[in-house]
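Spelled out, the chains give:
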Amino acid sequence: MPVKELTPEPVLVTGQQPSPNTLTTTYGLQGMVNTNGAYNVNPTDPKYANTTNVLFATDKDGNPMPAQKADGGIDFKEAKEKQDLDGYFKMVTWPDTRNSDGTECTAVSPEVYSPKSAGLVGIDDNMSAAQKDTNLSAGWTIDTAFYKYNVPRPDDPTITKIENDADAGLDASGSVYTTKLDPVISGECTPSKDDKHPNTVVLYGEDPTNPIADGQGTNGDDLVKSSDTWGFRLGEAVCETDTGSKQGGSWWIQDTNKQYPSPDPGNKYNSYRRYHAWVVESTSGFGLTSYFSNVGTAYFVSGENVPDAAKFSVAVPHTVNGSLPAGSVVTFKGEVSPVYTAWSSGKLGMTDSKMAISMKQNTASDWTSLLTTPANTFQRDAAVGTTSSVTDSATGLTLGLTKTGASTWSWTLNIPAGRFAGYNGSDETQTYTFQVEMINPMNLRSDPASIERKVDITPTTLTLERYDVFQVAGKAYKYVDGDTKVPETKGTVVHITWPGKGNSSTDVVVGDHGLWQAVPPEGINQGEFSAQVLSDDAESADPKGGFQGGNQSVPVSHALEFRPSNSALPLTGGWPLSVLRILSLIALGLVGFVACLRNRQESRH
């Protein structure tokens, strides 16, 4: 804006001499300046009697202005006190180029060499803003001065969003997680009141070698002293009017991920970048900046490691004497190496990935969630060998963890046996798939890894249908529910312990329809025997032929009876072969005896 009456009219300075470009020494150049320089002095002062090239602020009648001192200086204090003038004073000269004969130069652009002839000299209050700008642009700025003039800084902008997959705003920590290496940073700002002189938002990305200094938004000196911590200038945008903004305006600038010089050439996955911005105003002509905005942090997130299913194992409990021991659990173990790990000390860095464990009965359609780890489970600065545990609040299950490497943990999950329900006698209802997924901080899941196992925790039910010295027999059922009975799988082993000294035993396998039978050893003719399944068909014998693991049935026992039951009368297939041989010999003897008697009777006749 023009300054009233400090220099109300442009002052023509005469006496300027041509300046030939023939000087070759600094001393000669200084002499030329002394000869041709224009001085702000009082031409009536005897000391300047021979000085024609002078500049002195007078009114239109030639009287010195109040701020014009006799020695040629300008006293801005006088301008304030006597004329109430304060603010920004801009010293401008306009060239008035002449030919050697004193005539005006008309062959050149008057805007540059002879603005007076084009009416481009000086400004006053009656001019339009456009005309003032035109006239000032035609002049040559010498210097500026300030006196008791405070141009307020523009309001600080605000970063509210950094583009991510969910298009969500910054969280409470001022951060977002994004898979985009070139995100759009946006926010709010206060627009200029003059559309022709807009406020501009300038965005900076942090230089890792010179991190953003704390407190830059509260101390103006820090803006100058810590300029090396501003970061890399990424771009600028005009603060546009936005009625939906609390500050009245909005802005957005994209980090193209191409403007970071070495040694940090750009954004990278599994890393982060911090941003801040300020506003530059253009109304005053000073280009004042606001303080810096809040700091927004973008964590660049890629995919997750797929768990290694080869490291999975499932241990299944077994019944003892027909019942599961109290507190029996199915133990699921494995190893995991998450991409993202957390700092337990709270340092700036990525939050950790989550691990989700689920299972599904193969006859069911839906997965059952067992446990999902909370934040800060996998801590990068924990020592190798550190043990910890986390509990899922929804399921109550607890995961045990041991750090086995820089970013590797072994884990164990105990699942109560009561969660494996729905068995109906078919092998499919005993078969379960256990699954593990990793979830990165953007909630993007890895491919699942799984293991399938038969969870047989139901004991065989044995029945006795014969129990005498010639044979013991019965049936085995792998599932009994009221009248529903499903025969045990063919090949299941029944272990029989005989009465008498040493308790000898016999192992027999279940045949078709769950039938099993055994012949007591020779000499066993009384006492109580016992039958029990020690291992079901899901298990196998050890190298020595003994049984390992497996479900135990409830043992059944009965006293051996000497006489066979009705179901095992002679010739029914129930008696031992030795007995049949004796009876055959007796029968043959009787036949021979009858034959002898018949021969005697015939000889008498």
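Residue positions are given per chain, counting from 1 as you read along its sequence in written order. Note on the predicted model: pLDDT of at least 70 is required for a residue's local features to be given, and 80 or more for side-chain atom pairs to be given and counted; whole-chain, interface and lining totals, by contrast, use all residues. Only hydrogens and water are set aside; all other atoms, that is, all heavy atoms of the structure, feed into the side-chain values.

**Quick notes on the layout of surface pockets**
The method works on a 1 Å grid over the protein atoms by themselves. A cavity is a set of points holding a 1.4 Å probe that cannot get out, a pocket is an open set with protein on both sides within 12 Å along at least five of seven lines, and residues with an atom within 4 Å of a point line them. Grid points are joined across faces, edges and corners, and a volume is the space filled by probe spheres set on the points. Of the pockets and cavities examined, the second largest pocket occupies roughly 310 Å³. As for the second largest pocket, its lining consists of 14 residues, of which Pro154, Ser192, Asn199, Glu281 and Thr283 are closest to the centre. Gly falls in the polar group here, along with every residue not listed as nonpolar (Ala, Val, Leu, Ile, Met, Phe, Trp, Tyr, Cys, Pro) or charged (Asp, Glu, Lys, Arg). In the lining of the second largest pocket, the residues fall into four nonpolar, five polar and five charged.

**As for the side chain of lysine 403**
Elements are defined by DSSP. Helices are runs of H or I of four residues or more, strands are runs of E of two residues or more, and each kind is numbered from the N terminus. Assignment of secondary structure puts lysine 403 in strand 17 (residues 398-405). Throughout this description, buried means an accessible area under 20% of the type-specific maximum (1.4 Å probe, protein chains only), exposed means over 50%, and partly exposed covers the range between. Counted as positive: Lys and Arg. Counted as negative: Asp and Glu. His and the chain ends are not counted at all. Take a side-chain nitrogen of Lys or Arg and a carboxyl oxygen of Asp or Glu: if they are within 4 Å of each other, that pair is a salt bridge. Here lysine 403 occupies a buried position and makes no salt bridge, while the nearest side chain of opposite charge, aspartate 381, is found at 6.4 Å. By definition in these notes, contact holds between two residues if any of their heavy atoms fall within 4.5 Å. Contact partners of lysine 403, with chain neighbours within four places excluded, come to Gln379, Arg380, Asp381, Ala382, Ala383, Val384, Gly385, Thr386, Thr408 and Trp409.

**Examining the sheet that holds strand 20 (residues 449-454)**
The strands making up a sheet are joined through hydrogen bonds of the backbone, oriented either antiparallel or parallel. Read from one edge of the open sheet, four strands run 15-14-19-20, paired in antiparallel fashion. Each edge of the open sheet is held by one strand with a lone partner, namely strand 15 (368-372) and strand 20. This sheet shows a mean twist of 20° between the axes of neighbouring strands, independent of strand direction. Whether two strands pair comes down to DSSP finding at least two bridges between them. Pairing between strand 14 (residues 354-361) and strand 19 (residues 431-439): eight bridges, direction antiparallel. Directly across from methionine 355, in strand 19, lies its bridge partner methionine 438. Axis angles are defined between N-to-C directions and span 0 to 180 degrees, where every axis is a line fitted to C-alpha atoms and, for a helix, only to the segment in contact.

**A short note on the environment of threonine 484**
Mapped onto the secondary structure, threonine 484 falls in strand 23 (residues 484-487). Judged by its relative accessible area of 42%, threonine 484 is partly exposed. Linking threonine 484 and glycine 425, residues 59 residues apart in sequence, is a C-alpha distance of 9.4 Å.

**Comments concerning the environment of phenylalanine 562**
Considering the arrangement of structural elements, one finds phenylalanine 562 in the loop between strand 28 (556-559) and helix 6 (577-604). Sequence separation of phenylalanine 562 and isoleucine 524 is 38 residues, and the distance between their C-alpha atoms is 9.8 Å. If we skip the residues at most four places from it in the chain, phenylalanine 562 touches Val469 and Phe470.

**Some remarks on the packing of aromatic side chains**
Ring pairs are drawn from Phe, Tyr and Trp, using the six-membered ring of Trp, whenever the two centres fall within 6.5 Å, and their geometry is named by plane angle: stacked under 30 degrees, edge-to-face over 60, tilted for the rest. The tally for this structure, following the rule as stated, stands at 18 aromatic pairs. Here the aromatic rings of phenylalanine 332 and phenylalanine 434 are separated by 5.3 Å at their centres, their planes lie at 50°, and the arrangement is tilted. Separated by 102 residues along the polypeptide, phenylalanine 332 in strand 13 (residues 329-336) and phenylalanine 434 in strand 19 bring together distant segments of the chain. For the pair shown, phenylalanine 332 and phenylalanine 434 are each scored as buried. By the criterion adopted, a ring carries a charge over it if an Arg CZ or a Lys NZ lies within 6 Å of its centre and within 35 degrees of its normal. Here lysine 360 stacks its cationic end above the ring of tryptophan 367, 5.6 Å away from the centre of that ring.

**Details of the nonpolar core**
Put simply, buried Ala, Val, Leu, Ile, Met, Phe, Trp, Tyr and Cys residues joined by side-chain atoms within 4.5 Å make one nonpolar core. Counting 29 residues, the largest nonpolar core has Phe332, Met355, Ile357, Leu399, Trp411, Phe420 and Phe434 as its most contacted members. Among the elements of the structure, strand 13, strand 14, strand 15, strand 17, strand 18 (408-416), strand 19 and strand 20 are those that each provide at least two residues to this core. Each residue touching methionine 355, except ones within four places of it in the same chain, is listed here: Val336, Leu371, Thr372, Thr373, Phe378, Leu399, Trp411, Val436, Glu437 and Met438.

**Some thoughts on the sheet that holds strand 10 (residues 271-280)**
One open sheet accounts for five strands, arranged 4-11-10-6-7; its pairing is mixed. Each edge of the open sheet carries a strand with a single partner, namely strand 4 (175-178) and strand 7 (232-238). Each strand of the sheet is rotated relative to its neighbour by a mean of 25°, with strand direction disregarded. The pairing of strand 6 (residues 200-205) with strand 7 spans six bridges and is antiparallel. Paired with tyrosine 204 across the two strands is arginine 233, which belongs to strand 7.

**Quick word on helix 4 (residues 129-138)**
For helix 4, the set of buried residues is Lys132, Asn135 and Ala138. Down the axis, helix 4 shows its buried residues gathered within 130° of arc, on one side only. Facing away from the buried surface of helix 4 by more than 90 degrees, the exposed residues are Ala129 and Ser137. Note that the arc is defined by the directions from the helix axis to the C-beta atoms.

**Focus on the pairing of strand 16 (residues 387-391)**
A regular strand places its side chains so that they alternate between the two faces of the sheet. Bridging between strand 16 and strand 17 involves five bridges; their strand directions are antiparallel. Across the sheet, residue threonine 391 finds its bridge partner in strand 17, namely threonine 398. Hairpin remark: strand 16 followed by strand 17, antiparallel, with six residues in the connecting loop; positive phi at glycine 396, about 80°.

**Side note on the confidence of the model for the protein**
Think of pLDDT as the predictor's per-residue confidence, scored from 0 to 100. Put simply, the protein has an average pLDDT of 82, and 76% of its residues get 70 or more. Every residue in residues 567-575 scores below 50 in pLDDT, and together they form 12 contacts with partners more than four places removed in sequence or on other chains. Low pLDDT (under 50) marks residues 601-605, which in the prediction has zero contacts with non-local residues, meaning those over four places away or in another chain.

**Focus on the pattern of salt bridges**
Oppositely charged side chains are able to pair whenever their charged atoms sit close together. Applying the stated criterion across every chain yields a total of 12 salt bridges. The salt bridge involving lysine 311 is made with aspartate 308; its shortest N-O contact spans 3.9 Å. For lysine 311, a relative accessible area of 43% puts it in the partly exposed group. A salt bridge links lysine 490 to aspartate 512, with the nearest nitrogen and oxygen atoms 3.3 Å apart. In this pair, lysine 490 sits in the loop between strand 23 and strand 24 (493-497) while aspartate 512 sits in the loop between strand 25 (505-509) and strand 26 (515-518), placing the two residues 22 residues apart along the sequence. Given a relative accessible area of 58%, lysine 490 falls into the exposed group. Note on aspartate 512: relative accessible area 48%, which makes it partly exposed. What emerges from the salt-bridge pattern is a single network uniting Asp264, Lys268 and Arg273.

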